[in-house]
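What the coordinates show
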Amino acid sequence: MKRAIFPGSFDPITLGHYDIIKRGVTLFDEVIVAIGINADKNYMFSLEERTKFIEDAFADEPKIKVLTYKGLTVDFCKEVDAQFILRGLRNPADFEFEKAIAHTNRNLSTIETVFLLTASKTSFIASSIVRDVIRNNGDYTKFVPDSVRVK
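An unreviewed UniProt entry annotates the chain as Phosphopantetheine adenylyltransferase originating from Mariniflexile aquimaris. Listed in UniProt under the heading Subcellular location (unreviewed entry), the comment for the chain reads: "Cytoplasm". Under the UniProt heading Subunit (unreviewed entry), the note attached to the chain is "Homohexamer."

Here it is, written out as structure tokens:
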């Protein structure tokens, strides 16, 4: 089975993430959306909310699972028997950052990183921008799946 993880904090999941996951499912037998837990990070949404946003967005897709993890992504890959890390690239800065991480991961393991370019219509969306829109009472709904709703 070809299994990939798509790691991130997903605070919140955006339409860019959604697009990469949907396209990743066509390449792999299973995609695990892996929500990393970082105690040093101050999240807008709780781990439970982020998990539910993603599970609800992909409720009709049996090839997508949502799990959480702590520690190194490559260690989590070994734990869940994933051979690939799936990542999305929005721009050249993303590529340089992701390339360094991919080289590090290859140095630590045999895990391959697969990059997909984001769709042009979602390439400008970042979770940090969505959080700013939410904080300032803007219409965030056009940047996230329908499952993401702020109370």
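On we go from here.
**Focus on the layout of surface pockets**
Of the pockets and cavities examined, the largest pocket occupies roughly 1100 Å³. If you trace the largest pocket, you find 42 residues lining it, with Pro7, Gly8, Ser9, Arg87 and Glu98 closest to the centre. Mapped onto the lining of the largest pocket, the elements with two or more residues apiece are strand 1 (3–8), helix 1 (15–25), helix 3 (73–80), strand 4 (84–89), helix 4 (92–108) and helix 5 (127–135). With eight residues, the single largest contributor to the lining of the largest pocket is helix 4. Of the residues belonging to the lining of the largest pocket, the class tally is 17 nonpolar, 17 polar and eight charged.

**Let's talk about the side chain of Thr51**
Looking at the element boundaries, Thr51 is found in helix 2 (residues 47–57). Not counting chain neighbours up to four residues away, the residues in contact with Thr51 comprise Ile35, Val66 and Thr68.

**Regarding the UniProt feature "site: Transition state stabilizer" (unreviewed entry) in the chain**
With numbering matched to this structure, UniProt assigns "site: Transition state stabilizer" (unreviewed entry) to His17. Assignment of secondary structure puts His17 in helix 1. Once you skip the residues sitting within four places of it in the chain, His17 turns out to touch Phe6, Phe10, Pro12 and Ser127.

**Brief notes about the UniProt feature "binding site: substrate" (unreviewed entry) in the chain**
Under the UniProt annotation, the feature "binding site: substrate" (unreviewed entry) is placed at Ser9, Lys41, Thr73 and Arg87. Considered against the largest pocket, the annotated residues that line it turn out to be Ser9, Lys41, Thr73 and Arg87. By the element assignment, Ser9 lies in the loop between strand 1 and helix 1. Apart from residues lying up to four places away in sequence, Ser9 is in contact with Ile35, Lys41, Tyr43 and Arg50. Given a relative accessible area of 18%, Thr73 falls into the buried group. Setting aside chain neighbours within four positions, we find Thr73 in contact with Ile5, Pro7 and Ile85.

**Concerning the packing of aromatic side chains**
Taken as a whole and assessed by the stated rule, the structure comprises seven aromatic pairs. Centroid distance Phe124 to Phe143: 6.0 Å. Interplanar angle 85°. Geometry classified as edge-to-face. Of this pair, Phe124 sits in the loop between strand 5 (112–117) and helix 5 while Phe143 sits in the segment after helix 5, placing them 19 residues apart in sequence. Residue Phe143 is classed as buried on the basis of its relative accessible area of 16%.

Rules and cut-offs
Residues numbered from 1 in each chain as written. Predicted model: local features only at pLDDT ≥ 70, side-chain atom pairs only at ≥ 80, totals over all residues. Heavy atoms only, no water. UniProt positions renumbered as here; feature names shortened; annotations may be inferred. 1 Å grid on protein atoms, 1.4 Å probe; cavity = no way out; pocket = protein on both sides within 12 Å on 5 of 7 lines; lining within 4 Å. Points joined across faces, edges and corners; volume = space filled by probe spheres on them. Helix = DSSP H or I, 4+ residues; strand = E, 2+ residues; numbered from the N terminus. Nonpolar A, V, L, I, M, F, W, Y, C, P; charged D, E, K, R; others polar. Contact = heavy atoms within 4.5 Å. Buried < 20%, exposed > 50% of the residue type's maximum accessible area, 1.4 Å probe, protein only. Phe/Tyr/Trp six-rings, centres within 6.5 Å; stacked < 30°, edge-to-face > 60°.

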